[in-house]
Amino acid sequence: MKFSTVLLGILGLVSAKKEITSLQIGIKKRIPPSECFASKNGDKLQMEYTGTLYSDGTQFDSSVGRSPFEFVLGSGQVIKGWDQGLLGMCVGEKRKLIIPSHLGYGDSGSGPIPGGATLVFEVELLGILNRKQPSNEL
């Protein structure tokens, strides 16, 4: 076996990304529990987000530089990965969601998103519009 063939095989193993089969949630900016105003189903959320493809990092959408995105959590207005991944999120918190295809756009895809794509979203919860944040004053 040639050295170049072995080297290419090793490089392929190193650069290969593992298959994502379940929702992964990473906290990028944590809010202390005493200051957390957490989202729940039925809340109207105001979000900022950037979406990329897990496979190669291609950006397919972003609210940055536009108006924040608003929707009702748990109502099916967004992909399942968002309805699940944004539950219990604190206002001001930032998360990174890695969403497998079956919780995104599935085998059919949507617009620039190919069928079977795993998605990555960097999200920030800017506000909960239909509930007042409780006061922390004594």
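In case you missed it, the structure is sitting above this.
Since the structure is predicted, the reported quantities are computational estimates derived from the model, not experimental observations.

Engineer: Just to check I follow, could you spell out the layout of surface pockets for this structure?
Structural biologist: The gaps of empty space that remain are located by a probe, the size of a water molecule, rolled over the atoms. The computed volume of the largest pocket comes to approximately 240 Å³. Tyr49, Phe60, Asp61, Tyr105 and Phe121 are, among the 13 residues lining the largest pocket, the residues nearest its centre.

Engineer: Whenever I open this one, the pairing of strand β2 (residues 44-53) confuses me. Can you help?
Structural biologist: Remember that side chains alternate between the two faces of the sheet whenever the strand is regular. Of all 10 residues in β2, 8 are buried, a share of seventy percent or more. The pairing of β2 with strand β4 (residues 69-72) spans 4 bridges and is antiparallel. Counterpart to Lys44 in the pairing with β4 is Val72. Taken together, the 9 bridges between β2 and strand β6 (residues 119-128) define a ladder with antiparallel strand orientation.

Engineer: Whenever I open this one, the packing of aromatic side chains confuses me. Can you help?
Structural biologist: Here a ring pair, both rings aromatic, is described through the centre-centre distance and the interplanar angle of the planes. Scanning the entire structure with this criterion turns up 8 aromatic pairs. Consider the rings of Tyr49 and Trp82, whose centres lie 5.4 Å apart with planes at 80°: the pair is edge-to-face. Taken together, the residues Tyr49 in strand β2 and Trp82 in helix α2 (residues 80-85) connect sequence positions 33 residues apart. Look at Tyr49 and you get buried, because its relative accessible area is 7%. Both rings, one in Phe69 and one in Trp82, keep their centres 5.9 Å apart while their planes meet at 75°; by these two values the pair is edge-to-face. Taken together, the residues span a long stretch of sequence, with Phe69 in strand β4 and Trp82 in helix α2 at a distance of 13 residues.

Engineer: Sorry if this is basic, but what is going on with the environment of Ile98 here?
Structural biologist: By the secondary structure assignment, Ile98 is in strand β5 (residues 94-99). Each C-alpha atom of the pair Ile98 and Thr118 lies 7.1 Å from the other, and the pair is 20 residues apart in sequence.

Engineer: I keep staring at the nonpolar core and nothing clicks. Help me out?
Structural biologist: A general trend in soluble globular proteins is that nonpolar side chains are found buried together. Ranked by internal contacts, the top residues of the largest apolar core, which has 23 residues, are Met47, Trp82, Leu86, Leu119, Phe121 and Val123. When contributions to this core are tallied by element, the ones reaching two or more residues are β2, β5 and β6. The element that contributes the greatest number of residues to this core is β6, accounting for 5 residues. If we ignore the near neighbours within four places in the chain, the residues touching Trp82 are Met47, Tyr49, Phe69, Phe71, Leu73, Leu97, Ile99, Phe121 and Val123.

Engineer: Looking at this model, I keep getting lost on the environment of Arg66. Mind explaining?
Structural biologist: Note on placement: Arg66 falls in the loop between β3 (59-62) and β4. What makes Arg66 partly exposed here is its relative accessible area of 48%. Distance in space between the C-alpha atoms of Arg66 and Glu48 is 9.1 Å, their sequence separation being 18 residues. For Arg66, the side chain forms a polar contact with the side chain of Tyr49, separated by 3.2 Å. A polar side-chain atom of Arg66 sits 3.2 Å from a polar atom in the side chain of Asp61.

Cut-offs used in this document
- Residues numbered from 1 in each chain as written.
- Predicted model: local features only at pLDDT ≥ 70, side-chain atom pairs only at ≥ 80, totals over all residues.
- Heavy atoms only, no water.
- 1 Å grid on protein atoms, 1.4 Å probe; cavity = no way out; pocket = protein on both sides within 12 Å on 5 of 7 lines; lining within 4 Å.
- Points joined across faces, edges and corners; volume = space filled by probe spheres on them.
- Buried < 20%, exposed > 50% of the residue type's maximum accessible area, 1.4 Å probe, protein only.
- Helix = DSSP H or I, 4+ residues; strand = E, 2+ residues; numbered from the N terminus.
- Pairing = 2+ DSSP bridges.
- Phe/Tyr/Trp six-rings, centres within 6.5 Å; stacked < 30°, edge-to-face > 60°.
- Core = buried A, V, L, I, M, F, W, Y, C linked by side-chain atoms within 4.5 Å.
- Contact = heavy atoms within 4.5 Å.
- Polar contact = N/O pair within 3.5 Å; in protein donor to acceptor, adjacent residues only side chain to side chain.

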